Amino acid sequence: MSDYLGIIKEINKECKVLFLENFKLVPEKGHHNIFVYKIEGSSIALNRYNSEPVKVLKWFKNFWLYIEVKFIVKKSKQGNKTIETIHTNISISIYQGNDNDEMKIQLFRAEWDDMNDPNEKHSQPHWHITSSQAIEKTFEEYSVHLDNGEFISLLENVKAKIIDVKSIHFAMNGNWQEDQTHIHSIKSAVQISKWLRGFLHHIRIELEEVNNFA
């Protein structure tokens, strides 16, 4: 198993027409039970500010995209039988920055994690708002050079008074008005490609509108 449900093949087929640059999810060297696919990008960015840099793909204007899909094979025993389950993690990040910017700024992430967990409490799929991290990091870097980090202490005091919004899983498909749940399982490759195309179409409209008023 390296492409669960054929999700990677379907995404590559359906999404390549949406980009001027070559769109393709390619396999990364992983663990024996972990299969990771990442977008082929042309510029550098940070997916999470404490993680390794990733390659991002130019989308339109000064917006960039990163997609990572991970399949984790879990084996467990039920009597004499070995049961194999697949955990699927899909993460999409939107960045903003000029071509010559050394690092692009991550605006937000969209994720869909199906851990086959009947006790799942986080919304699936969901949003993470992350743009504040870039602003905080910029202030921290200036503070280190200009006031020996005094401003960092002030910033930390303010942050301590409010919750960490970037950790919230904001529901993307909470169809509560139809008495449906906000947690959805991953069932097919077509389901994922439709979701991804719809997501990209929706976000592009929103980004273009906000960018035109900026």
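Predicted model, so just to flag it, every value in this text is computed and none were measured.

Draft legend 1. Just the overall build of the protein, in detail. A tally of helices and strands in the protein yields four helices and nine strands. For the protein, the N- to C-terminal ordering of α and β elements is α-β-β-β-β-β-β-β-β-α-α-β-α. The principal-axis extent of the C-alpha atoms belonging to the protein is close to 65 × 40 × 40 Å. Out of the 214 residues belonging to the protein, those deemed buried represent 39%. Here the analysis covers contacts within the protein between residues at least 6 apart in sequence; of these, 58% occur between residues at least 24 apart.

Draft legend 2. Quick peek at the packing of helix α1 (residues 7-15) against helix α4 (residues 189-213). Taken N-terminus to C-terminus, the directions of α1 and α4 make an angle of 40°; their axes are 9 Å apart at the nearest point. Crossing of α1 against α4: the hand is right-handed. Where α1 approaches α4, its residues Ile7, Glu10, Ile11, Glu14 and Cys15 are matched on the opposing element by Ala189, Val190, Ile192, Ser193, Leu196 and Arg197. The class makeup of the residues in the contact of α1 with α4 is seven nonpolar, one polar and three charged.

Draft legend 3. Local environment of α4. Look at α4: 37 Å from first C-alpha to last across 25 residues, which is about the 36 Å you get at 1.5 Å a residue. Inspection of α4 places Ala189, Ile192, Ser193, Trp195, Leu196, Phe199, Leu200, Ile203 and Leu207 among the buried residues, and these make up the whole buried set. On its buried face, α4 sits against α1, β4 (53-60), β5 (63-78), β6 (81-96), β7 (105-114) and β8 (126-129). Two or three places before Gln191, at the opening of α4, Ser188 has a side-chain oxygen 3.0 Å from that residue's backbone nitrogen.

Draft legend 4. Inspection of a nonpolar patch on the surface at higher detail. A contiguous nonpolar patch, built from Ile129, Ile163, Val165, Ile168 and Phe170 and spanning about 400 Å² of accessible area, is present on the exposed surface. Within the secondary structure, Val165 sits in the loop between α3 (150-159) and β9 (170-171). A residue is classified by how much of its surface remains accessible, and Val165, at 40% relative accessible area, is partly exposed.

Draft legend 5. Geometry of the environment of Leu20. Secondary-structure assignment places Leu20 in the loop between α1 and β1 (25-28). The class for Leu20 is exposed, based on a relative accessible area of 87%. With 37 residues separating them along the chain, Leu20 and Leu57 place their C-alpha atoms 9.8 Å apart.

So, how was this worked out
- Residues numbered from 1 in each chain as written.
- Predicted model: local features only at pLDDT ≥ 70, side-chain atom pairs only at ≥ 80, totals over all residues.
- Heavy atoms only, no water.
- Helix = DSSP H or I, 4+ residues; strand = E, 2+ residues; numbered from the N terminus.
- Buried < 20%, exposed > 50% of the residue type's maximum accessible area, 1.4 Å probe, protein only.
- Contact = heavy atoms within 4.5 Å.
- Axes fitted to C-alpha atoms, helices over the stretch in contact; angles between N-to-C directions.
- Left-handed = near helix turned anticlockwise from the far one by under 90°.
- Nonpolar A, V, L, I, M, F, W, Y, C, P; charged D, E, K, R; others polar.
- Expected span 1.5 Å × (residues − 1).
- Polar contact = N/O pair within 3.5 Å; in protein donor to acceptor, adjacent residues only side chain to side chain.
- Patch = residues over 30% accessible without salt bridge, like charges linked within 9 Å, V, L, I, M, F, W, Y side chains within 5 Å.
- Areas by Shrake-Rupley, 256 points an atom, 1.4 Å probe, with all protein chains shown as cover.
- Salt bridge = Lys/Arg side-chain N within 4 Å of Asp/Glu carboxyl O.

Limitation: the analysis is restricted to geometry and does not speak to function.
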